[in-house]
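# Coordinate analysis (summary)
Each chain, letter by letter, is given below.
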Amino acid sequence: MISQEMFFNLFGSQVRQLAAANGVAEDDAQRVILIFAEAMKNPYMDERHIYQRLVENMDGAE
């Protein structure tokens, strides 16, 4: 069975690869990784909360 830590390392690696391949800034990729890390630790954080956090962070970055 894959551990949560191993899963998240794989997830982070894939996010960084996709970000680089699509011209997304490293800061934005790291922001996505951190938000999903928070969601993994919080069972009440669903896709609506994740989306809201992503949008809030994007608005603050512009």
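Cut-offs and rules
Residues numbered from 1 in each chain as written. Predicted model: local features only at pLDDT ≥ 70, side-chain atom pairs only at ≥ 80, totals over all residues. Heavy atoms only, no water. Helix = DSSP H or I, 4+ residues; strand = E, 2+ residues; numbered from the N terminus. Buried < 20%, exposed > 50% of the residue type's maximum accessible area, 1.4 Å probe, protein only. Contact = heavy atoms within 4.5 Å. Areas by Shrake-Rupley, 256 points an atom, 1.4 Å probe, with all protein chains shown as cover. Lys, Arg positive; Asp, Glu negative; His and termini not counted. Charge placed at Lys NZ, Arg CZ, Asp CG, Glu CD. Salt bridge = Lys/Arg side-chain N within 4 Å of Asp/Glu carboxyl O.

## With respect to the overall build of the protein chain
- Scanning the protein chain for helices and strands turns up three helices and zero strands.
- Its helices and strands taken in sequence order, the protein chain reads α-α-α from the N to the C terminus.
- For the protein chain, the spread of C-alpha atoms along the three principal axes comes to 40 × 30 × 15 Å.
- Counting the 62 residues in the protein chain, one finds 18% classified as buried.
- At a minimum sequence separation of 6, the contacts of the protein chain that also span at least 24 residues come to 29%.
- When the accessible area of the protein chain is evaluated, it comes to approximately 4,900 Å², of which 57% is carbon and sulfur surface.
- A distance of 4 Å separates the average location of the 5 positive side-chain charges in the protein chain from that of its 10 negative side-chain charges.

## Comments concerning the pattern of salt bridges
- This model, assessed by the stated rule, comprises four salt bridges.
- Two residues, Arg 53 and Glu 38, come together in a salt bridge whose shortest N-O distance is 2.2 Å. Separated by 15 residues along the polypeptide, Arg 53 in helix 3 (residues 47-61) and Glu 38 in helix 2 (residues 26-41) bring together distant segments of the chain.
- The class of Glu 38 is partly exposed, set by a relative accessible area of 33%.

Function cannot be read off these values alone, since they describe shape.
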